[in-house]
Amino acid sequence: MSNRILTYCFLLIFAFNSCKKKEIDSIIQDKIIGNWKIKNNEYDKEYLEINSDNTFYYKGVGHLNESFAKGRWKVVNDSLVLNSITPKECLYVVNFGTYCEHADIVIEDKINTTFDDCEPQTISNLYKAFIDTRFVLKKDTMFYVEVNENCSNKLNKIRLYR
């Protein structure tokens, strides 16, 4: 009898904790859904639309090119995590994020395309790749979290605001 009561108590505690986590996730989701401006640098204008169906759309406009991405998002703990879906057309790929500001670090990125051995028709339309790209919500602003091991793993200067 005592094992049965213990089992019921455990199940009740688990159920309440699951509901609480879903409630917290729902609150975070309500705060992030909508249109955001991205402050990255003074030369580019970047926008992120986060939809309630767990999809997102990114648009960036610079003085020489435009970039875009579509993908899926999820909430993991206190973070928004974005993963873009590779388009079916051949485009040059630029990863979302920052380059290290340290002059002594050499970044060995090669020029990538959406598919091996394809030749993009234009250099003015780029695909922006979001690969487990993480943002932390602080009040009404989301901060990009740099994960490049050559850079600081602290909150970066890139931020999203309304």
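The present account deals with the structure reproduced in this document. (Residues numbered from 1 in each chain as written. Predicted model: local features only at pLDDT ≥ 70, side-chain atom pairs only at ≥ 80, totals over all residues. Heavy atoms only, no water.)

1. Focus on the overall build of the protein chain
Which entries qualify depends on this criterion: Comment: elements are numbered from the N terminus, with helices defined as DSSP H or I runs of at least four residues and strands as E runs of at least two. Here's how the labels work: a residue is buried when its accessible area is under 20% of the maximum for its type, exposed when over 50%, partly exposed in between, all with a 1.4 Å probe on protein chains only. Using a 1.4 Å probe, accessible areas were evaluated by the Shrake-Rupley method; residue-level cover was limited to the displayed protein chains.
Per the secondary structure count, the protein chain includes one helix and eleven strands. In the protein chain, the order of α-helices and β-strands from amino to carboxyl end is α-β-β-β-β-β-β-β-β-β-β-β. The buried share among the 162 residues of the protein chain stands at 31%. Surface summary for the protein chain: the accessible area is close to 11,600 Å², and the carbon and sulfur share equals 53%.

2. Considerations on the environment of Pro87
Under the convention used in this document: We call two residues in contact whenever any of their non-hydrogen atoms come within 4.5 Å of each other.
Along the polypeptide, Pro87 turns up in the loop between strand E5 (79-84) and strand E6 (92-95). Owing to a relative accessible area of 13%, Pro87 belongs among the buried residues under this scheme. Residues Pro87 and Thr114, spaced 27 residues apart in sequence, show a C-alpha to C-alpha distance of 7.3 Å. When sequence neighbours within four positions are dropped, the list of residues in contact with Pro87 reads Phe68, Thr114, Phe115 and Tyr127.

3. Regarding the state of the cysteines
Applicable threshold: A pair of sulfur atoms, both from cysteines and within 2.5 Å, is called a disulfide here.
With the rule as written, the count across this model stands at one disulfide. The disulfide that involves Cys90 links it to Cys118, with 2.1 Å between the sulfurs. In this structure the cystine formed by Cys90 and Cys118 twists about its S-S bond by roughly 80°; its chirality is therefore right-handed. Here Cys118 lies in the loop between strand E7 (112-113) and strand E8 (125-129) and Cys90 lies in the loop between E5 and E6, a separation of 28 residues in the sequence. Judged by its relative accessible area of 18%, Cys118 falls in the buried class.

4. Here's the deal with the packing of aromatic side chains
Which entries qualify depends on this criterion: A pair of Phe, Tyr and Trp rings is counted when the ring centres sit within 6.5 Å of each other, with Trp represented by its six-membered ring. The angle between the planes then sorts it: under 30 degrees is stacked, over 60 is edge-to-face, the rest tilted. Lysine NZ or arginine CZ positioned within 6 Å of the ring centre and within 35 degrees of the ring normal marks a charge as sitting over the ring.
Tallying each qualifying case throughout the model produces eight aromatic pairs. Both rings, one in Tyr58 and one in Phe96, keep their centres 6.3 Å apart while their planes meet at 80°; by these two values the pair is edge-to-face. In this pair, Tyr58 sits in strand E3 (residues 55-61) while Phe96 sits in the loop between E6 and E7, placing the two residues 38 residues apart along the sequence. Cluster of aromatic residues (ring-pair linked, three or more members): Phe56, Tyr58, Phe96, Phe130, Phe135 and Tyr144. Of note, Arg162 hangs over the ring of Trp36, and the distance from its end group to the ring centre comes to 3.9 Å.

5. Focus on the nonpolar core
Definition in use: By nonpolar core is meant a set of buried Ala, Val, Leu, Ile, Met, Phe, Trp, Tyr and Cys residues that side-chain atoms within 4.5 Å join together.
Counting residues in each nonpolar core, the largest one holds 26 residues, and the members touching the most others are Leu48 and Met142. When residues of this core are assigned to their parent elements, the largest contribution, four residues, is made by strand E4 (residues 66-76). Ignoring sequence-local partners within four residues, the contact set of Leu48 consists of Gly34, Asn35, Trp36, Ile38, Phe56, Tyr57, Tyr58, Leu82 and Leu160.

6. So, the pairing of strand E9 (residues 133-138)
To keep it simple, the criterion reads: Strand pairing follows a simple DSSP-based rule, namely that at least 2 bridges must link the two strands.
Pairing geometry for E5 and E9, over four bridges, is antiparallel. By the bridge assignment, Leu82 is partnered in E9 with Thr133. Pairing between E9 and strand E10 (residues 141-145): four bridges, direction antiparallel. Residue pairing across strands places Phe135 opposite Tyr144, the latter belonging to E10. The antiparallel hairpin formed by E9 and E10 contains two residues in its connecting segment, where Lys139 sits at a positive phi of about 55°.

Scope: geometric values only; no functional claims are made or implied.
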